[in-house]
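Coordinate inspection notes
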Amino acid sequence: QVQLAESGGGLVQPGGSLRLSCAASGAIYSTNIMGWYRQVPGKQRELVASKATGGTTNYADSAKGRFTISRDNAKNTVYLQMNSLKPEDTAVYYCYLHYLVNAAYNYWGQGTQVTVSS
């Protein structure tokens, strides 16, 4: 069973920075995509950023220029460095892992709260 353990959320003032981490454990296919979604109450979960083992990276428009996703493939860990945070970045951030081996496999972390407020 694959498990994702997130850390790094919290309260930060506008303009501040936070770094989220997510470590995956269990039987993980070596070619995969890891990344982050976020969700606020009453809205759909939305992609923030993703990074494949091969390096392909995607960012939401709202994250471009402020957030940086990175990963350590040897540790099955993904990071999200968030700079210049805005109140509208406030959400629960979920780590996810996706891979395709005959069928699609998707795993989610428990979520970590990020609150941007003065």
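Anything mentioned here points back to the structure above.
Residues numbered from 1 in each chain as written. Predicted model: local features only at pLDDT ≥ 70, side-chain atom pairs only at ≥ 80, totals over all residues. Heavy atoms only, no water.

Considerations on the pattern of salt bridges
Selection criterion: Between Lys or Arg on one side and Asp or Glu on the other, a salt bridge is scored when a side-chain nitrogen of the former is within 4 Å of a carboxyl oxygen of the latter. The classification of residues rests on relative accessible area computed with a 1.4 Å probe and restricted to protein chains. Under 20% of the type maximum is buried, over 50% is exposed, and intermediate values are partly exposed.
Summed over all chains, the structure comprises four salt bridges. Notably, a salt bridge pairs Asp 61 with Lys 64, separated by 3.2 Å at the nearest N-O pair. According to the relative accessible area criterion, Asp 61 is exposed, its value standing at 65%. Members of the salt-bridge network, linked through shared partners, are Arg 38, Glu 46, Arg 66 and Asp 89.

Details of the pairing of strand 10 (residues 103–108)
Short version of the rule: Here, any two strands with at least 2 DSSP bridges between them count as paired. Counting from the N terminus, the helices are DSSP H or I runs at least four residues long and the strands are E runs at least two residues long.
Sheet topology places strand 9 (residues 91–101) next to strand 10; six bridges connect them, and they run antiparallel. Note on strand 10: the bridge partner recorded for Tyr 99 is Tyr 105. In this structure, the hairpin formed by strand 9 and strand 10 is closed by a connection of one residue, where Asn 102 is found at a positive phi of approximately 65°.

Some words on the environment of His 98
Put simply, the rule is: By the convention used here, residues are in contact when the closest approach between their heavy atoms is within 4.5 Å. Here a polar contact is taken to be a pair of N or O atoms separated by no more than 3.5 Å, where protein atoms must pair a possible hydrogen donor with a possible acceptor and residues adjacent in sequence count only if both atoms sit in side chains.
By secondary structure assignment, the location of His 98 is in strand 9. Judged by relative accessible area, which is 23%, His 98 ranks as partly exposed. The spatial distance from the C-alpha of His 98 to the C-alpha of Ile 33 is 5.1 Å, given a sequence separation of 65 residues. For His 98, the contacting residues outside a window of four places in its chain are Asn 32, Ile 33, Ala 104, Tyr 105 and Asn 106. At 3.4 Å, the side chain of His 98 forms a polar contact with the backbone oxygen of Tyr 105.

A closer look at the nonpolar core
Which entries qualify depends on this criterion: For our purposes a nonpolar core is just a set of buried Ala, Val, Leu, Ile, Met, Phe, Trp, Tyr and Cys residues, chained together by side-chain atoms within 4.5 Å.
In this structure, Leu 4, Trp 36, Leu 80, Met 82, Tyr 93 and Leu 97 are the most contacted members of the largest nonpolar core, which totals 27 residues. Of all elements in the fold, only strand 3 (18–25), strand 4 (33–39), strand 5 (46–52), strand 7 (67–72), strand 8 (77–82), strand 9 and strand 11 (112–116) reach the threshold of two or more residues within this core. When residues in this core are grouped by element, the largest group, five residues, is from strand 9. When residues no more than four places from it in sequence are discounted, the contact partners of Met 82 are Gly 16, Ser 17, Leu 18, Leu 20, Arg 66, Phe 67, Tyr 93 and Val 114.

Concerning unusual backbone geometry
Among all residues except glycine, the phi angle is most often negative; among peptide bonds, the trans geometry is most common. Notably, Asn 76 is not glycine yet its phi reads approximately 50°, a positive angle. Take Asn 76: it is sitting in the loop between strand 7 and strand 8. In this model, Asn 102 sits at a positive phi of 65°, which is unusual for a non-glycine residue. Note on placement: Asn 102 falls in the loop between strand 9 and strand 10. Taking the relative accessible area as the measure of exposure, Asn 102 reaches 86% and is therefore exposed.

Re the state of the cysteines
The test is simple: In this description, a disulfide is simply a cysteine sulfur pair whose atoms lie within 2.5 Å.
Overall, the coordinates contain one disulfide when judged by the stated rule. Covalent S-S linkage joins Cys 22 and Cys 95, the inter-sulfur distance amounting to 2.0 Å. The S-S bond linking Cys 22 to Cys 95 shows a torsion near -80°; that makes this disulfide left-handed. Note that Cys 22 is positioned in strand 3 and Cys 95 in strand 9, a separation of 73 residues in sequence. Each member of the pair, Cys 22 as well as Cys 95, carries the same accessibility label: buried.

Treat this as a map of the structure, not an account of what it does.
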